[in-house]
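Architecture and fold: a report
Listed below, chain by chain, are the residues.
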Amino acid sequence: MADFFRAQMDYIYFFYGLAFIILSAVCFIISKDERQRLQWIWLGLFGLAHGIYEWLNILAINFGDSRSLKTLGVLLAVASFVFLTEFGRSGIVSLRGKGPGRWIFLPLLSFTALGGFAGLNGILAVSRYTICFVGGLWATRALFLASKGLVISARRWLLAGSFAVGIYTLLAGIFVPSAPFPPASFLNTEVFFQVFGFPLQLIRGFVAVLAAIS
């Protein structure tokens, strides 16, 4: 079964990227409603940037993972996590009237840059430990707070969205691309594939679809 999934990775990445593109389209539509309390434009930018990043993996599979393609992918991934973090940060500040300012990106990006000592994969791994994990938790919290005071049907959908983003955060922030330092050296997407026999990207894609639907 593992060999089957490995042979289908380009299709899996297409589905994975498409799920995020759909999420971005939904968020861009919602952002036009001036009554919204959350700045959905940031979540939409996250979905767009991350969807394109995942589609770059299709090019890497079919034409080879060149240095320039890898660099572009890392830049898109880090940018997408910054957008996710800003969605969560601005949402919490808007709903609670307090929270961290944008200065928080300085330490997050600084820690991410340290991953460069281990190459591009190091940056990608550390960005998930820092920006992605922090931003995902804030986005989860922001969606949960936004659900309060709404009618039951609307609140259930926002809670489902909060759950989906929370699950994505755990899957993306713990199982990172392989890098030559712990825990990325033994807790990564490739090890997940070897242990369970199917790619983690498939689960993340379904989680992104749930987020878009909610």
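The following paragraphs examine the structure supplied in this document. Everything numeric here is computed off the predicted structure, so don't read it as measured data.

This part takes up the overall build of the chain. Across its full length, the chain holds nine helices and zero strands. Along its sequence from the N terminus, the chain presents helices and strands in the succession α-α-α-α-α-α-α-α-α. In terms of overall dimensions, the chain is globule-like: its C-alpha atoms have a radius of gyration of 17 Å, near the 17 Å expected for 214 residues. Per-residue burial over the chain gives 48% buried out of 214 residues. Sequence separation of at least 24 residues holds for 71% of the intrachain contacts in the chain that already meet a minimum separation of 6. A total of about 10,600 Å² of accessible surface is found on the chain, and carbon and sulfur atoms cover 70% of it.

Once that is clear, we can look at the environment of Gly173. Among the secondary structure elements, Gly173 is positioned in helix α7 (residues 152-174). In this structure, the C-alpha to C-alpha distance between Gly173 and Phe133, residues 40 residues apart in sequence, is 5.1 Å. In this structure Gly173 touches Arg128, Tyr129, Phe133 and Tyr168, once residues within four positions along its chain are discounted.

Counting 55 residues, the largest nonpolar core has Trp40 and Tyr168 as its most contacted members. Of all the secondary structure elements, the ones that give two or more residues to this core are α2 (9-31), α3 (40-63), α4 (67-96), α5 (105-114), α6 (120-146), α7, α8 (189-196) and α9 (200-213). Of the residues forming this core, the biggest block, 10 residues, is contributed by α6. Not counting chain neighbours up to four residues away, the residues in contact with Tyr168 comprise Tyr16, Phe20, Phe46, His50, Phe81, Arg128, Cys132, Gly173, Arg204 and Val207. If you look at the next biggest cluster of nonpolar residues, it comprises six residues, including Ala125, Ala179, Phe181 and Ala184.

Glancing now at the environment of Phe20. Structurally, Phe20 is set in helix α2. Counting along the chain gives 140 residues from Phe20 to Ala160, while the straight-line C-alpha distance between them is 16 Å. In this structure, Phe20 is in contact with Phe46, Gly47, Leu48, His50, Gly51, Tyr168 and Ala208, ignoring residues within four places of it in sequence.

A complete count under the given rule lists 13 aromatic pairs for this structure. Where Phe4 meets Phe5, the ring centres are 5.6 Å apart and the plane angle is 65°; that geometry is what we call edge-to-face. Phe4 gets classed as partly exposed once you look at its relative accessible area, which sits at 48%. For Phe5, a relative accessible area of 17% puts it in the buried group. Their ring planes at 55° and their centres at 5.3 Å tell us that Tyr16 and Phe20 sit as a pair that is tilted. Taken together, the residues Tyr16 and Phe20, both in helix α2 and four residues apart, mark about one turn of the helix. Phe20 carries the same exposure label as Tyr16, and that label is buried. An aromatic cluster of at least three residues, connected via ring pairs, comprises Tyr16, Phe20, Phe46 and Tyr168. Above the face of the Phe193 ring, Arg6 is positioned so that its terminal group lies 4.4 Å from the ring centre.

For the rest of this paragraph, the subject is the pattern of salt bridges. Evaluation of the coordinates by the stated rule reveals three salt bridges. For Glu190, the salt bridge identified is with Arg6, shortest N-O distance 3.4 Å. Of the two residues, Glu190 sits in helix α8 while Arg6 sits in helix α1 (residues 2-7), which places them 184 residues apart along the sequence. The class for Arg6 is partly exposed, based on a relative accessible area of 43%. The partner of Glu86 in a salt bridge is Arg102, and the shortest N-O contact between them spans 3.1 Å. Pair noted here: Glu86 is in helix α4 and Arg102 is in the loop between α4 and α5, with a separation of 16 residues, a long-range link. A cluster of three or more residues bridged by salt bridges with shared partners is formed by Glu86, Arg89 and Arg102.

Quick notes on the rules
- Counting of residues starts from 1 at the beginning of each chain's written sequence and follows it residue by residue.
- The model is predicted, so local features are restricted to residues of pLDDT at least 70 and side-chain atom pairs to those at 80 or more, both for listing and for counting; the totals for chains, interfaces and linings are taken over all residues.
- Neither water nor hydrogens contribute to the side-chain values; these are computed over all heavy atoms in the structure.
- Note on conventions: DSSP H or I runs of at least 4 residues are helices, E runs of at least 2 residues are strands, and numbering of each starts at the N terminus.
- We compute the radius of gyration from the C-alpha atoms alone; for a globule the expected value is 2.2 Å times N to the 0.38, where N is the number of residues.
- Here's how the labels work: a residue is buried when its accessible area is under 20% of the maximum for its type, exposed when over 50%, partly exposed in between, all with a 1.4 Å probe on protein chains only.
- Note on contacts: a residue pair is in contact if any heavy atoms of the two residues lie within 4.5 Å.
- Shrake-Rupley sampling with a 1.4 Å probe provides the accessible areas, and residues are treated as covered by the protein chains on show and by no other component.
- Buried Ala, Val, Leu, Ile, Met, Phe, Trp, Tyr and Cys residues that are joined via side-chain atoms within 4.5 Å together make up what is termed a nonpolar core.
- Two rings from Phe, Tyr or Trp (for Trp, the six-membered ring) form a pair when their centres sit within 6.5 Å of each other. Planes less than 30 degrees apart are called stacked, planes more than 60 degrees apart edge-to-face, and all others tilted.
- Counted as over-ring charges are cases with an Arg CZ or a Lys NZ within 6 Å of the ring centre that also lie within 35 degrees of the ring normal.
- Salt bridges are counted wherever a side-chain nitrogen of Lys or Arg sits within 4 Å of a carboxyl oxygen of Asp or Glu.

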